[in-house]
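Spelled out, the chains give:
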Amino acid sequence: MTQTPTSADTSKTFRETVLVTGGAGFIGAHYVPWAAAAHPETRFVDLDLLTYAADTGAFSEQAKLPNVVPVIGDITDETLVAKIFEEMDVTGVIHFAAESHVDNSIADPLTFIRTNVEGTAVLLRAARDAWTKRGTLETSRFHHVSTDEVFGSLGFTGFFTEETPHAPNSPYSASKAASEHLVRAWRETYGMNTSITNCSNNYGPRQHGEKLIPTVIRKALAKEPIPIYGTGRNIRDWLWVEDHCRAVDLVFREAAPASAYVVGGRCEKSTIEMAEAVCAVLDEMTPWVGHRHAELMTLVADRPGHDFRYAISPEKIERDLGWRPTMAFDEGIRRTVAWYLGEGRGRLLAV
Ligand SMILES: NC(=O)c1ccc[n+]([C@@H]2O[C@H](COP(=O)([O-])OP(=O)(O)OC[C@H]3O[C@@H](n4cnc5c(N)ncnc54)[C@H](O)[C@@H]3O)[C@@H](O)[C@H]2O)c1
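Everything numeric in this text was worked out from a predicted model, so none of it was measured.

1. Details of the UniProt feature "domain: NAD(P)-binding" (unreviewed entry) in the chain
Part 1 of the reasoning: As annotated in UniProt, the feature "domain: NAD(P)-binding" (unreviewed entry) corresponds to residues 19–336 in the numbering used here.
Part 2 of the reasoning: Split by type, residues 19–336 is 44% helix and 18% strand. Its first and last C-alpha atoms lie 28 Å apart.

Have a look at this one:
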């Protein structure tokens, strides 16, 4: 196990130890510092392989927190994962780690099956073994972070809810659907205490340069064509990343065993609308004299299996747990662009 140097106070007795996987990724890099501050009595073990998608700077910063233990390693490594459960007395899991880029899943599906499906199975088995031994199987929570992409595509109307059946269309979404089925199977077969969240598209600082918003910014700054798939009319429901983190934490801590929640921002935008919003902020923050950055938007061949529309009805999480999205889109997108123009320049170029 490669445990990075950490300032986590080993002399202190923590109330619980939560294993977070993928804490150096886009969402995990927001979740870990926020949760470490919100729950100082909890020790967070952050297991991340530091793949190309990871934010290594964020991971190093986590090592300075008094209740975070970063571990570099692979969730598919059975020996390592079993050792973490045994030696660190893990009492809960929040499972973010995944291969997450749909385009990469089209080019290299097997990597997605290994990490997203096999990795989830390895974690579930280790958790079940450790918690059965300790007699805490019913009380220790395994939270699985999933995506609305498992539900497939909507037409112009309707919303995904907790009752929507799976109909994945890409190797990425199929691997995430498969991992959810494993979570369900461990619950039904072994009586594991599980919860699942299916979230819509996140936006905010720290996302890898390959994703839509950083791509728009990078291309616009270089005055190169900004590629927009197909007609650009595909719709996504955008959620500020920190609002997603709060939802995950609430469900992990407060939801009933075996519960699932869909999470979304009630903020539907087409690809063109999102790219235009980013370009408008760029026009203001880094003007291109005599031009608008949106002039660079260029339609390109569509992604195969490209889902038309995702939209979430988050009524259940609002009603049961009092969760609400807090960030207005105009403010969130300004903060996102400002981060990439400043501190996040390096993340923007990492493609
Ligand atoms: N980004 C979104 O809009 C979104 C929306 C809904 C759900 N999700 C889900 O949230 C989770 C996190 O997404 P993200 O956008 O932060 O992803 P990301 O690609 O930015 O980060 C993934 C992290 O997992 C790590 N990782 C990958 N393979 C690993 C392995 N084998 N072992 C250990 N660590 C490994 C990477 O190093 C990286 O730090 C994923 O499960 C994703 O399916 C994401």
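What follows continues from the structure just given.
2. Quick look at the nonpolar core
Part 1 of the reasoning: Counting 29 residues, the largest nonpolar core has Tyr203, Ile213, Ile217, Ile226, Val278 and Ile333 as its most contacted members.
Part 2 of the reasoning: Only α7 (212–222), β9 (226–229), α9 (271–285) and α11 (329–341) provide two or more residues apiece to this core.
Part 3 of the reasoning: Looking at which element gives the most residues to this core, the answer is α9, with eight residues.
Part 4 of the reasoning: Excluding its chain neighbours within four sequence positions, the residues that come into contact with Val278 are Ile213, Val216, Ile217, Ile333 and Val337.
Part 5 of the reasoning: Counting residues in each nonpolar core, the second largest holds 27 residues, with Val69, Ile75, Ala127 and Val183 among its members.

3. Notes on the packing of aromatic side chains
Part 1 of the reasoning: Applying the stated criterion across every chain, the model contains twelve aromatic pairs.
Part 2 of the reasoning: Between Phe85 and Trp131, the ring centres sit 5.9 Å apart and the planes meet at 70 degrees, which makes this aromatic pair edge-to-face. Here Phe85 is found in helix α3 (residues 78–88), whereas its partner Trp131 is found in helix α5 (residues 109–134), with 46 residues between them in sequence.
Part 3 of the reasoning: We classify Trp131 as buried; its relative accessible area is 0%.
Part 4 of the reasoning: Ring centres 6.3 Å apart and planes at 85 degrees place the aromatic pair Phe112 and Tyr172 in the edge-to-face group.

What counts and how
Residues numbered from 1 in each chain as written. Predicted model: local features only at pLDDT ≥ 70, side-chain atom pairs only at ≥ 80, totals over all residues. Heavy atoms only, no water. UniProt positions renumbered as here; feature names shortened; annotations may be inferred. Helix = DSSP H or I, 4+ residues; strand = E, 2+ residues; numbered from the N terminus. Core = buried A, V, L, I, M, F, W, Y, C linked by side-chain atoms within 4.5 Å. Buried < 20%, exposed > 50% of the residue type's maximum accessible area, 1.4 Å probe, protein only. Contact = heavy atoms within 4.5 Å. Phe/Tyr/Trp six-rings, centres within 6.5 Å; stacked < 30°, edge-to-face > 60°.

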